[in-house]
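Chain by chain, the residues:
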Amino acid sequence: MRILLVEDDLSLGEGICAALRRGAFAVDWMQEGASGLAAIRDGEFDLAILDLGLPRVDGIEVIRQIRSLGHAIPILVLSARERPSDRTLGLDVGADDYLGKPFDTAELLARVRALIRRSAGRAQPNLEAGALRLDPATLTATWHGRALDLTRREFSLLRLLMEQRGRPMARDAIQRHLYGWNEDVASNAVDVHVHALRRKLEPGAIRTVRGIGYALGGSGDAAE
Ligand code: CA
């Protein structure tokens, strides 16, 4: 899952980025409205966190333009503006949730998880597929009831494939959802993570779909 942060306060932005990475999200950070708007338009983000008071293009205008383009990306608004009219306006022009500054990063992460869950059409907080269970809040996963020892990136990849509900996902799309722009990524990074996960679960847990990429295995499916 990859998140775009648009925030012009440097120390706050750094804190939010660190918190999101701890939550196993890839994050890209823009510091003004115009570049944030372009990134949402062109990017492959699963969610945007948007400050309202931004240089060049105001947050409200960013939301208006994104929605007028037909983008359905979930948007969480952050703002120090305490006037109820700003909150109302943000939500009415198309934001999905609102968090007033200052806030607790634990609450920010909980709201991010809830928005992603809703945008995926899920009511249950945990992800389940066959013998695999994953708790996005605690970043823990079990396989046949056994706790899995996963790296943050392996957890992210499993969460991504579970959100696809068995549909295959292209290798390069997986990579775009796992890594931000500024991260050094080996060309075979996704394959390496898949290999590690197959060892930790079982070979058939992740299927190779020829010509496409990877999908979560159904029960009993063998790896190709
Ligand atoms: Ca601001």
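Being a predicted model, the structure only gives us computed values, none of them experimental.

Engineer: Whenever I open this one, the overall build of the protein confuses me. Can you help?
Structural biologist: What the protein contains, in helices and strands, is eight helices and 12 strands. Taking 17 Å as the expected radius of gyration for a compact globule of 224 residues, we find that the protein reaches 18 Å, a close match to that expectation. Summarising its shape, the C-alpha atoms of the protein cover approximately 55 × 30 × 30 Å along the three principal directions. In the protein, which comprises 224 residues, the share counted as buried stands at 47%. Counted over contacts in the protein with a minimum sequence separation of 6, partners at least 24 positions apart contribute 58%. Surface summary for the protein: the accessible area is close to 10,700 Å², and the carbon and sulfur share equals 48%. Measuring between centres, the 30 positive side-chain charges of the protein sit 5 Å from its 31 negative side-chain charges.

Engineer: Help me understand the domain arrangement of the protein in this model?
Structural biologist: Often, the extent of an interface is quoted as the loss of accessible area on bringing the components together. With domains assigned, the protein is organised as domain 1 (2-119) and domain 2 (127-216). Of note, the centres of domain 1 and domain 2, computed from C-alpha atoms alone, are 26 Å apart. With 17 residues of domain 1 at the interface, the matching set in domain 2 holds 16 residues. Summing both sides of the interface, domain 1 and domain 2 together bury roughly 1,300 Å²; the carbon and sulfur share of this comes to 50%. Among the residues domain 1 hides against domain 2, the three largest losses belong to Arg2, Ala24 and Glu44. Together they make up 41% of the total. Our count for the domain 1 to domain 2 interface comes out at one salt bridge. When the shortest N-O distance is used, the salt bridge between Arg176 and Glu44 registers 3.1 Å. Put simply, domain 1 and domain 2 have nine residue pairs in polar contact (both at pLDDT 80 or more) between them. Tallying contributions element by element places strand β2 (residues 26-30) first for the side of domain 1 that touches domain 2, with four residues.

Engineer: What am I meant to see in the confidence of the model for the protein here?
Structural biologist: For any part of a model where pLDDT is low, the fine detail of the predicted coordinates should not be relied upon. Of all residues in the protein, 96% have pLDDT values of 70 or greater, and the mean over the chain is 92. The spread of mean pLDDT over the elements of the protein runs between helix α4 (residues 84-92), the lowest at 85, and strand β9 (residues 146-147), the highest at 98.

Engineer: It is not clear to me how the side chain of Ser79 should be interpreted in this structure. Could you clarify?
Structural biologist: Position of Ser79 relative to the elements: it lies in strand β4 (residues 75-79). A relative accessible area of 1% places Ser79 in the buried class. Each residue touching Ser79, except ones within four places of it in the same chain, is listed here: Asp51, Leu52, Tyr98, Leu99, Gly100 and Lys101.

Engineer: Before we go on, may I ask you to explain the packing of aromatic side chains in this structure?
Structural biologist: Aromatic ring pairs are reported here in terms of the distance separating the ring centres and the angle at which the planes meet. Applying the stated criterion across every chain, the model contains one aromatic pair. Seen from their ring centres, Phe45 and Trp181 are 5.7 Å apart, and the 85° between their planes marks the pair as edge-to-face. Within this pair, whereas Phe45 is found in the loop between α2 (33-42) and β3 (47-51), its partner Trp181 is found in the loop between α7 (171-178) and α8 (189-200), the two being separated by 136 residues in sequence. The side chain of Arg159 reaches across the aromatic face of Phe25, ending 4.4 Å from its centre.

Engineer: How should I be thinking about the layout of surface pockets in this particular structure?
Structural biologist: Which parts of space are left empty comes out when a probe the size of a water molecule is rolled across the atoms. Space inside the largest pocket adds up to approximately 210 Å³. Along its surface, the largest pocket is lined by Met1, Asp46, Pro74, Ile116, Ser119, Ala120, Glu163, Gln164, Arg165 and Arg167. For the lining of the largest pocket, the per-class residue count stands at four nonpolar, two polar and four charged. Two domains each provide a minimum of three residues to the lining of the largest pocket, namely domain 1 (2-119) and domain 2 (127-216).

Procedures and definitions
- Residues numbered from 1 in each chain as written.
- Predicted model: local features only at pLDDT ≥ 70, side-chain atom pairs only at ≥ 80, totals over all residues.
- Heavy atoms only, no water.
- Helix = DSSP H or I, 4+ residues; strand = E, 2+ residues; numbered from the N terminus.
- Rg over C-alpha atoms; globule rule 2.2 N^0.38 Å.
- Buried < 20%, exposed > 50% of the residue type's maximum accessible area, 1.4 Å probe, protein only.
- Contact = heavy atoms within 4.5 Å.
- Areas by Shrake-Rupley, 256 points an atom, 1.4 Å probe, with all protein chains shown as cover.
- Lys, Arg positive; Asp, Glu negative; His and termini not counted.
- Charge placed at Lys NZ, Arg CZ, Asp CG, Glu CD.
- Domains from an automatic or database assignment.
- Buried area = accessible area lost by both parts, 1.4 Å probe.
- Salt bridge = Lys/Arg side-chain N within 4 Å of Asp/Glu carboxyl O.
- Polar contact = N/O pair within 3.5 Å; in protein donor to acceptor, adjacent residues only side chain to side chain.
- pLDDT = per-residue confidence, 0-100.
- Phe/Tyr/Trp six-rings, centres within 6.5 Å; stacked < 30°, edge-to-face > 60°.
- Lys NZ or Arg CZ within 6 Å of the ring centre and 35° of its normal.
- 1 Å grid on protein atoms, 1.4 Å probe; cavity = no way out; pocket = protein on both sides within 12 Å on 5 of 7 lines; lining within 4 Å.
- Points joined across faces, edges and corners; volume = space filled by probe spheres on them.
- Nonpolar A, V, L, I, M, F, W, Y, C, P; charged D, E, K, R; others polar.

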